[in-house]
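Residues per chain are reported as follows:
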Amino acid sequence: MNQSEQKNEHSKSMKPIMPDFVTLVRLAITVILLVLAYNIGASRLAAMIMLIAAILISGFDIAITAVYAVLRKDFFNNACLVFIAAVASFAVGCYVETTVFVVVYQACRVFMEYAEKRIKQAATEDLPKNSPESFSRQRSILNRCDGSINAVRAKFEPYYSIAVMAVTAISVLFAAFAPLLTDMSYVMSIRRGAMLIVAIIPASAFASLPLCTAYGLCRSAVAGVIIDEPETIDKAAKLKTIIFDKSDVITAGAPKIAAMISPILDKENFLRSCAYVAYKSEQRIATSIVGAYNGEINPEYIQEFNDIPGYGMEVEIEGRQMLLGTLKLLNSRGISLDTASVRKGNVLYLVIMGRYAGAIVFNENINPYAAKTVSNLKSIGVTSMLVAEDGMDICEKTAKSISISDFFPCCDTAKKLSVVKDVRQNLDEDAAVMYVSAENVGYHSDADLDARVGEQTETEDLRMSNIGIFGLPAMVSIARGVKKISMQNLALFAIVKAVLIVLAVTGNATLWFVALLDYAAGMFGVLNISRISQ
């Protein structure tokens, strides 16, 4: 997608959001017919025709949707329940109340959808414009917004479905048997039964929960952390530990050669010797050495190669033993250096046949946002850990520079993944672990969440740039905000439903008032979502 197409794609979603005027016009006509039926002195037959026309104009789409739902055997669909309540109340003579109910229900639905669209627009308008794939993915999640993308709703929806069926059954029994057991008329019992059905329709804050998750995903993307699957946001809310891989996450690229010192070899031959020693190594630092040498390397000369992660490497070339390693490795082999040859920092020493031949000094650029990211994570209760290929000295130095106290040196890929597994096993099940790495190992680690720095792969749960790790604290806060707002909306939903059921059973409400109060709670739930922020 070129820049022009990308701009057009973004602009499509930024068009002004307007309510459904067609439905609003239908409702206006309904109101006019309702007024005419009772204010122009029309005959009873003419008034009835106008009332029937009014309710058909305002609610024909509800009837059509209900028919399709029945054909799918979805008997407790919202449209089915509204249709049943409207037909029952109209049949017992509550003409005006039923018509006003349908008008209020449809008007509230239109403005509820309008509010949801505005929230979606607000969620997408700040998304990065330089990533069309991410933009499209986030927008598709917003457009989906089904119940499965919110953990709170997914957990409670099965229970609510049972409640809908139970209350509907109770409504029917109440309408049928209340007059037989009390002095209540059938008109009143059926009217209250219809109100009970309307009261249980999930139009309130419960319906806003999927949008809550989708909004959180977009806010996370604005912070620089791209999450493709909604389930990830629920796990992120439980994060207690983040394990950072040093390479390309805490540091920017492989270590670079800052200086080469040799008392016996010229620069070209010294670098050639180091390149031969490092050629077969899988350590990241070896890449810098081999990459710096522009000459040809003949692998057949290399014999008995031994890679020592975090400390160095050694080979035998044409009968000569060559070692390139840290000072600690040299000491362990009984190789001593004079004080003048010892260098500070990240240094590998070349030893040929037991004799010191020189040293390579490396320089690494620490991510300028790393220390602040670790500090911000700590402030929200998330512990940071570090895994690195380097030996103890370099790993400890890096960890201390960004205020990380738990670090694991001398880690190749397998050991890094082993550390992740051990950390995960030692944490409670209700706490989550994230592993942040730039390496593509081809499968998901034992962490609850895998975060990828760099290009997208098929195994990560979220991704960001090297600089984008700065957005991790914001992402965790957003995920917790999604869970908090979801629980608040769920609590509001439960309270409103309880109140509506009591009002319906006692007869202290009307059909349209029950629908209005339910949608008012739903509107509050949608607007409450905007409180999710960084």
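Residues numbered from 1 in each chain as written. Predicted model: local features only at pLDDT ≥ 70, side-chain atom pairs only at ≥ 80, totals over all residues. Heavy atoms only, no water.

Visitor: Can you help me understand the overall build of the protein chain in this one?
Guide: What the protein chain contains, in helices and strands, is 19 helices and 13 strands. In terms of overall dimensions, the protein chain is more spread out than a globule: its C-alpha atoms have a radius of gyration of 34 Å, far above the 24 Å expected for 534 residues. In terms of overall dimensions, the protein chain has C-alpha extents of about 115 × 50 × 40 Å along its principal axes. Out of the 534 residues in the protein chain, the part that is buried amounts to 49%. (Helix = DSSP H or I, 4+ residues; strand = E, 2+ residues; numbered from the N terminus. Rg over C-alpha atoms; globule rule 2.2 N^0.38 Å. Buried < 20%, exposed > 50% of the residue type's maximum accessible area, 1.4 Å probe, protein only.)

Visitor: Teacher, can you tell me more about unusual backbone geometry here?
Guide: Keep in mind that most residues, glycine aside, have a negative phi and that most peptide bonds are trans. Positive phi values are uncommon outside glycine, yet Met353 reaches one of about 55 degrees. Met353 gets classed as exposed once you look at its relative accessible area, which sits at 52%. Phi is positive for Ser403, which is not a glycine, with a value near 65 degrees. Locating Ser403 in the fold gives a position in the loop between helix H16 (392-401) and strand E10 (406-408).

Visitor: It is not clear to me how the nonpolar core should be interpreted in this structure. Could you clarify?
Guide: One recurring pattern in soluble globular proteins: nonpolar side chains tend to sit buried together. One finds Met434, Leu462, Leu472 and Met475 to be the most contacted residues of the largest nonpolar core, which totals 89 residues. For this core, the element with the most residues is helix H18 (residues 472-506), which contributes 13 residues. Setting aside its immediate chain neighbours within four residues, Met434 contacts Leu239, Thr241, Ile242, Ile243, Ala447, Leu449, Ala451, Leu462, Leu472 and Met475. One finds Tyr276, Ala278, Ala286 and Leu324 within the second-largest nonpolar core, a separate group that totals 24 residues. (Core = buried A, V, L, I, M, F, W, Y, C linked by side-chain atoms within 4.5 Å. Contact = heavy atoms within 4.5 Å.)

Visitor: Just checking my understanding: could you explain the sheet that holds strand E13 (residues 462-464) for this structure?
Guide: Adjacent strands of a sheet form backbone hydrogen bonds with each other and so pair up, either parallel or antiparallel. Pairing in this open sheet of seven strands is mixed, and the strands run E1-E13-E12-E11-E2-E9-E10 from one edge to the other. Every interior strand has two partners, whereas the edge strands, strand E1 (226-227) and E10, have only one. The pairing of strand E12 (residues 449-453) with E13 spans three bridges and is classified as parallel. Pairing of Val453 across the sheet is with Met464, part of E13. Strand contacts of H18: E1, strand E2 (239-245), strand E11 (432-437) and E13, with the helix running at about 155 degrees to E2, the strand carrying the most contacts. (Pairing = 2+ DSSP bridges. Axes fitted to C-alpha atoms, helices over the stretch in contact; angles between N-to-C directions.)

Visitor: For this particular structure, what's the right way to read the pattern of salt bridges?
Guide: Side chains that carry opposite charge are capable of pairing whenever their charged atoms lie near each other. This structure, assessed with the given rule, holds 16 salt bridges. For Asp245, the salt bridge goes to Lys416, with nearest N and O atoms at 3.1 Å. Separated by 171 residues along the polypeptide, Asp245 in strand E2 and Lys416 in helix H17 (residues 413-425) bring together distant segments of the chain. Judged by relative accessible area, which is 1%, Lys416 ranks as buried. Sharing partners across several salt bridges, the network here consists of Arg26, Asp61, Arg109 and Glu113. (Salt bridge = Lys/Arg side-chain N within 4 Å of Asp/Glu carboxyl O.)

Visitor: What's the story with the sheet that holds strand E5 (residues 312-317) in this structure? I'm lost.
Guide: The antiparallel open sheet is built from six strands, whose spatial order is E3-E8-E7-E6-E5-E4. Edge positions in the sheet fall to strand E3 (256-261) and strand E4 (302-308), since each has one partner strand and no second. Looking at each pair of strands side by side, their axes are set apart by 15 degrees on average, direction ignored. Across five bridges, the pairing between E3 and strand E8 (residues 355-363) is antiparallel. Directly across from Lys256, in E8, lies its bridge partner Asn363. Against the sheet, helix H12 (residues 267-278) engages E3, E4, E5, strand E6 (320-325), strand E7 (346-352) and E8, with an angle of about 100 degrees to E5.

Visitor: What's the story with the packing of aromatic side chains in this structure? I'm lost.
Guide: Where two aromatic rings form a pair, the distance of their centres and the angle of their planes describe that pair. Counted by the stated rule, this structure contains seven aromatic pairs. Relative to Tyr356, the ring of Tyr349 lies with its centre 6.4 Å away and its plane at 55 degrees, an arrangement referred to as tilted. Each of the two residues, Tyr349 as well as Tyr356, counts as buried. Members of the aromatic cluster, each reached through a chain of ring pairs, are Phe101, Tyr105 and Tyr519. (Phe/Tyr/Trp six-rings, centres within 6.5 Å; stacked < 30°, edge-to-face > 60°.)

Visitor: In this structure, what is going on with the side chain of Ser437? I would like to understand it.
Guide: For Ser437, the position within the fold is in strand E11. Among the residues examined, Ser437 registers a relative accessible area of 4% and is labelled buried. Separated by 3.3 Å, the side chains of Ser437 and Asp245 make a polar contact. Look past the residues within four positions of Ser437 in its chain and what remains in contact with it is Asp245, Val249, Ala451, Arg452 and Val453. (Polar contact = N/O pair within 3.5 Å; in protein donor to acceptor, adjacent residues only side chain to side chain.)

Visitor: Help me understand the packing of H12 against helix H13 (residues 284-292), please; the structure alone is not making it clear to me.
Guide: The geometry of a pair of packed helices is captured by two quantities: the angle between their axes and the separation between those axes. At a minimum axis distance of 8 Å, the contact between H12 and H13 shows a crossing angle of 135 degrees. The angle between H12 and H13 falls in the class oblique. Regarding H12 and H13, the two cross each other, and that crossing is left-handed. Between H12 and H13, the residues in contact are Leu271, Cys274, Ala275 and Ala278 and Ala286, Ile289, Val290 and Ala292, respectively. (Parallel < 35°, antiparallel > 145°, perpendicular 65-115°, else oblique. Left-handed = near helix turned anticlockwise from the far one by under 90°.)

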